[in-house]
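Breakdown of the fold
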Amino acid sequence: MARAELAALLGGRPVTDVVPPRTGETVADYAVRATGELMIRYLAGGVDEN
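In this text the structure is predicted, and so the values were computed from the model without any measurement.

**Focus: the overall build of the protein**
Secondary structure assignment for the protein yields 3 helices and 0 strands. Beginning at the N terminus, the succession of helices and strands in the protein can be written as α-α-α. In terms of overall dimensions, the protein has C-alpha extents of about 30 × 20 × 15 Å along its principal axes. Out of the 50 residues in the protein, the part that is buried amounts to 18%. Across the protein, the fraction of contacts at a sequence separation of at least 24, relative to all contacts at a separation of at least 6, is 34%.

Next comes the structure, spelled out in structure tokens:
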């Protein structure tokens, strides 16, 4: 995923707004999960309408 594609996926929002951290989740676990969720959204063709 290119930088411009990530920016489009985030739509100007912080990553924590797009993929909220879970209570008690470590930074490392959040990073892995958020990266995976963003990649799934990218491959699916966009951001869901939340």
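**Quick notes on the side chain of arginine 33**
As for its position among the elements, arginine 33 is in helix α3 (residues 27-44). A distance of 2.8 Å separates the side chain of arginine 33 from the backbone oxygen of proline 20, its partner in a polar contact. Not counting residues up to four positions away in its chain, the partners in contact with arginine 33 are Val19, Pro20, Pro21, Arg22 and Glu25.

**Notes on the nonpolar core**
Among the nonpolar cores identified, the biggest contains 7 residues, and these are Leu9, Leu10, Val18, Val19, Tyr30, Ala34 and Leu38. Of the residues forming this core, the biggest block, 3 residues, is contributed by α3.

**Observations concerning α3**
When the terminal C-alpha atoms of α3 are compared, their 25 Å separation across 18 residues agrees well with the 26 Å that a helix rising 1.5 Å per residue should span. Three or more residues of α3 are buried, namely Tyr30, Arg33, Ala34, Leu38 and Arg41. Within α3, the buried residues cover an arc of 130° as seen down the axis, which keeps them to one side. Within α3, the exposed residues directed more than 90 degrees away from the buried face are Ala28, Val32, Thr35, Ile40 and Leu43. Contacts from the buried residues of α3 go to α1 (3-10) and α2 (15-18).

**Digging into a nonpolar patch on the surface**
Taken together, the side chains of Met1, Leu6, Met39 and Leu43 define a hydrophobic patch exposed on the protein surface, amounting to about 360 Å² of accessible area. Relative to the helices and strands, leucine 43 resides in helix α3. The class for leucine 43 is exposed, based on a relative accessible area of 66%.

What counts, and at which threshold
- Residues numbered from 1 in each chain as written.
- Predicted model: local features only at pLDDT ≥ 70, side-chain atom pairs only at ≥ 80, totals over all residues.
- Heavy atoms only, no water.
- Helix = DSSP H or I, 4+ residues; strand = E, 2+ residues; numbered from the N terminus.
- Buried < 20%, exposed > 50% of the residue type's maximum accessible area, 1.4 Å probe, protein only.
- Contact = heavy atoms within 4.5 Å.
- Polar contact = N/O pair within 3.5 Å; in protein donor to acceptor, adjacent residues only side chain to side chain.
- Core = buried A, V, L, I, M, F, W, Y, C linked by side-chain atoms within 4.5 Å.
- Expected span 1.5 Å × (residues − 1).
- Arc of directions from axis to C-beta.
- Patch = residues over 30% accessible without salt bridge, like charges linked within 9 Å, V, L, I, M, F, W, Y side chains within 5 Å.
- Areas by Shrake-Rupley, 256 points an atom, 1.4 Å probe, with all protein chains shown as cover.
- Salt bridge = Lys/Arg side-chain N within 4 Å of Asp/Glu carboxyl O.

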